[in-house]
Amino acid sequence: MLNDMVEFCISNLARGSYKALEQLEQDPDLDIIEYDCLSHCTLCERSLFALVNGEVVKGENAEELVENIYKHLEENPMF
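Since this is a predicted model, take the numbers as computed values, not measurements.

Draft legend 1. Expanded view of the pairing of strand S4 (residues 55-59). Relative to S4, strand S3 (residues 48-52) is paired through 5 bridges, and the arrangement is antiparallel. For Ala-50, the partnering residue across the bridge sits in S4 and is Val-57.

Draft legend 2. Representation of the nonpolar core in the model. Judged by nonpolar contacts, the single largest core of 16 residues is most densely connected at Val-6, Phe-8, Ala-20, Leu-24, Val-52, Leu-65 and Ile-69. Within the residue set of this core, elements represented by two or more residues are strand S1 (4-9), helix H1 (10-24), S3 and helix H3 (62-75). At 5 residues, the largest contribution of residues to this core is made by H3. One finds Leu-38, Cys-44, Phe-49 and Leu-51 within the second-largest nonpolar core, a separate group that totals 6 residues.

Draft legend 3. The arrangement of the sheet that holds strand S2 (residues 30-35) in detail. Read across the sheet, 4 strands follow the order S2-S1-S3-S4 without closing on themselves; strand pairing throughout is mixed. Looking at which strands have only one partner, the edges of the open sheet turn out to be S2 and S4. With strand direction ignored, the average angle separating the axes of adjacent strands in the sheet is 30°. Examined bridge by bridge, S1 and S2 share 6 bridges and lie parallel to one another. By the bridge assignment for S2, Cys-9 is matched with Tyr-35. The strands that H1 touches are S1, S2 and S3; relative to S1, the one it contacts most, it runs at about 150°. Contacts between H3 and the sheet are confined to S1, S2, S3 and S4, with S4 contributing the most and set at about 145° to the helix.

Rules and cut-offs
Residues numbered from 1 in each chain as written. Predicted model: local features only at pLDDT ≥ 70, side-chain atom pairs only at ≥ 80, totals over all residues. Heavy atoms only, no water. Pairing = 2+ DSSP bridges. Helix = DSSP H or I, 4+ residues; strand = E, 2+ residues; numbered from the N terminus. Core = buried A, V, L, I, M, F, W, Y, C linked by side-chain atoms within 4.5 Å. Buried < 20%, exposed > 50% of the residue type's maximum accessible area, 1.4 Å probe, protein only. Axes fitted to C-alpha atoms, helices over the stretch in contact; angles between N-to-C directions. Contact = heavy atoms within 4.5 Å.

Below you can see the structure in the form of structure tokens.
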């Protein structure tokens with residue numbers, strides 16, 4: 001079975017999403033990938049975000065980002 005994929009931009013990690021990444025790395029059902037840039041620079045400047053199975057998920061802080069990622073996964077199962 002394929003895992004859900006969560007992608008982070010290094011610049012956004014430096015802005016605060018690193019705490020979300022650390023928490024999500026504990027989940028064996030997620031593949032976490034870091035990129036130099038995800039080409040969402042305007043979004044990256046304004047909020048914390050990650051790409052979840054290719055779709056943007058945002059949060060005001062790391063805790064909200066994690067909540068929104070799990071909510072997105074629940075509402076949008078891969079299979």
